[in-house]
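Listed below are the residues making up each chain.
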Amino acid sequence: MTTPHCTAVIDLGALAENVSTLVKRIDGPELMAIVKADAYGHGLIPCARAAIAGGATWLATALLSEAIALREAGIREPVLAWLYTADDRFMECISRDIDIAVNSIGSLRAISSAAYNVNRRARVHIKVDTGLSRNGVTADDLDALIVELGKHSETIEVVGVMSHFAYADEPTNPTIAKQIAVFTESVDKLTAAGFELQVRHLSNSAATLGLPNTYFNLVRPGVALYGVSPGEQVGTPAEHMLKPVMTLRSSVVLLKNVPSDTGVSYAHQYHTSSDTRLALIPVGYADGIPRAASNKGPVLLNGRTFTIAGRVCMDQFVLDVGDLDVSVGDEVVLFGDPSRGEPSAEDWGSAAGTIGYEIITRIGPRVVREYINSPF
Ligand SMILES: *Cc1c(COP(=O)(O)O)cnc(C)c1O
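Just so you know, these numbers come straight off a predicted model, no measurement behind them. (Residues numbered from 1 in each chain as written. Predicted model: local features only at pLDDT ≥ 70, side-chain atom pairs only at ≥ 80, totals over all residues. Heavy atoms only, no water.)

Some remarks on the site of the ligand
Close contacts around the ligand come from 14 residues, with Lys 36, Tyr 40, Ser 205, Gly 222 and Tyr 357 the closest. A distance of 2.5 Å separates an oxygen atom of the ligand from a polar atom in the side chain of Ser 205. Within the complex, the protein chains bury 94% of what would otherwise be the 380 Å² of accessible surface of the ligand. Across the shell around the ligand, the residue classes break down as 6 nonpolar, 4 polar and 4 charged. (Near = heavy atom within 4 Å. Polar contact = N/O pair within 3.5 Å; in protein donor to acceptor, adjacent residues only side chain to side chain. Areas by Shrake-Rupley, 256 points an atom, 1.4 Å probe, with all protein chains shown as cover. Nonpolar A, V, L, I, M, F, W, Y, C, P; charged D, E, K, R; others polar.)

Considerations on the nonpolar core
Side chains of a nonpolar character, in soluble globular proteins, are inclined to be buried together. Ile 111, Ile 126, Leu 319 and Phe 335 are the most contacted members of the largest nonpolar core, which totals 115 residues. It is helix H1 (residues 12–26) that contributes the most residues to this core, 6 residues altogether. Not counting residues up to four positions away in its chain, the partners in contact with Leu 319 are Arg 277, Leu 278, Ala 279, Ile 281, Val 299, Leu 301, Phe 306, Thr 307, Ile 308 and Ala 309. Grouped together as the second largest cluster of nonpolar side chains are 6 residues, Leu 278, Leu 280, Ala 309 and Val 318 included. (Core = buried A, V, L, I, M, F, W, Y, C linked by side-chain atoms within 4.5 Å. Buried < 20%, exposed > 50% of the residue type's maximum accessible area, 1.4 Å probe, protein only. Helix = DSSP H or I, 4+ residues; strand = E, 2+ residues; numbered from the N terminus. Contact = heavy atoms within 4.5 Å.)

So, the pattern of salt bridges
Per the stated rule, a full pass over the model turns up 15 salt bridges. Its salt-bridge partner being Asp 97, residue Arg 120 comes within 3.2 Å of it at the nearest N-O pair. You can see Arg 120 sitting in the loop between helix H6 (105–118) and strand S6 (122–129) and its partner Asp 97 sitting in the loop between helix H5 (90–95) and strand S5 (98–102), a full 23 residues away along the chain. Across the salt bridge formed by Arg 109 and Glu 148, the nearest N and O atoms sit 2.9 Å from each other. Placement of Arg 109 in helix H6 and of Glu 148 in helix H7 (residues 139–149) is noted, with a sequence separation of 39 residues between them. When its relative accessible area of 5% is taken as the criterion, Glu 148 is described as buried. (Salt bridge = Lys/Arg side-chain N within 4 Å of Asp/Glu carboxyl O.)

Observations concerning the packing of aromatic side chains
On inspection of all chains with the given rule, the structure shows 4 aromatic pairs. Seen from their ring centres, Tyr 40 and Tyr 357 are 6.5 Å apart, and the 35 degrees between their planes marks the pair as tilted. A residue pair is termed long-range when its members are at least 10 positions apart, and Tyr 40 in helix H2 (residues 36–41) and Tyr 357 in helix H11 (residues 356–361) qualify at 317 residues. Looking at Tyr 40, the relative accessible area reads 6%, which means it is buried. Under the relative-accessibility criterion, Tyr 357 is labelled partly exposed at 26%. Judged by centre distance (5.1 Å) and plane angle (75 degrees), the ring pair of Tyr 84 and Phe 90 falls under edge-to-face. Given a relative accessible area of 17%, Tyr 84 falls into the buried group. Residue classification places Phe 90 among the buried positions, given a relative accessible area of 5%. Following the ring pairs from residue to residue traces out a cluster consisting of Tyr 40, Tyr 226 and Tyr 357. (Phe/Tyr/Trp six-rings, centres within 6.5 Å; stacked < 30°, edge-to-face > 60°.)

In structure tokens form, the structure reads like this:
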């Protein structure tokens with residue numbers, strides 16, 4: 001077997017364990033595993049199966065197409081999707097028993113007419129905007145939506161209500177209590193209107209880890225399942241007994257000796273400070289390594305952590321390895337599990353002026369995913 005230029009090793013056992021750790025911790029409410037964006041870059045289908053093996057009783061995606069892909073792979077658990085265009089694949093979702101979030105009278109009507117066309121009731125969750133001001137119906141517009149819902153009882157089955165936090169990663173932020181209050185009011189309004197809400201859900205990863213009063217009867221974590229922190233104030237994954245699922249590996253493909261004061265990579269943004277050896281690593285921004293991490297990104301090689309020397313290019317970057325004992329073919333780890341001495345996705349987030357979420361989700365299609373420790 002040949003060695004790929006870059007491999008994302010996906011520890012499905014760690015993912016299942018993370019889910020099971022969270023299921024124990026929430027102690028009662030159900031867990032809906034968020035597998036949007038190709039399971040945060042880890043691979044939709046294997047991760048969905050691992051999450052189910054770990055105890056997730058629901059799955060969710062952003063896009064309808066992602067939810068349909070779950071069904072096409074034979075996954076039977078309840079699935080919710082909440083983001084769609086005006087003429088999206090509603091009929092296919094309803095036929096496949098995929099729950100859809102309703103965010104307006106307009107989307108309710110589109111889903112209702114799709115349900116009529118496939119001669120089946122659509123299962124919907126009312127998505128309430130309790131203060132994020134992104135997706136969802138505002139509390140002010142909820143009354144009119146409830147009136148409209150009354151006209152669609154033959155085509156629409158309301159099974160849930162949901163909302164999303166603006167600031168769950170700042171556990172003392174005053175918007176949290178406000179959003180909980182608006183959400184509770186919305187639940188009450190829908191209940192008073194006669195809807196039997198099977199599930200009421202508000203908690204993303206940060207809330208699942210830090211705000212037990214937001215659980216209602218289902219939590220909706222994403223990034224935490226993959227062992228990445230939702231925010232500094234929430235604590236490191238290790239503090240929550242969560243293991244990083246993705247390890248990003250590459251290897252040294254060229255070594256060369258250069259003198260002191262050699263300019264390295266485009267625009268010579270790094271200069272060697274002594275006679276030294278440069279190691280070439282065949283991975284770059286086309287693979288999802290942020291160019292913003294030029295001269296900043298940490299890389300583990302033979303037990304030592306180096307900082308990238310100079311610009312990250314499209315397909316490659318350079319390390320200044322000094323007198324390190326290193327050979328062509330030696331493995332490097334860009335990020336993985338800090339308990340093994342590896343940099344974390346969060347470290348890369350800080351190096352690139354972003355967050356761990358963006359690091360893991362942008363790992364490109366050219367990077368081979370290698371699945372290990374499958375629990376199914
Ligand atoms: C992405 C997303 C989540 C999961 O968020 P994390 O911060 O990754 O836990 C939950 N709910 C909604 C609506 C989302 O868009």
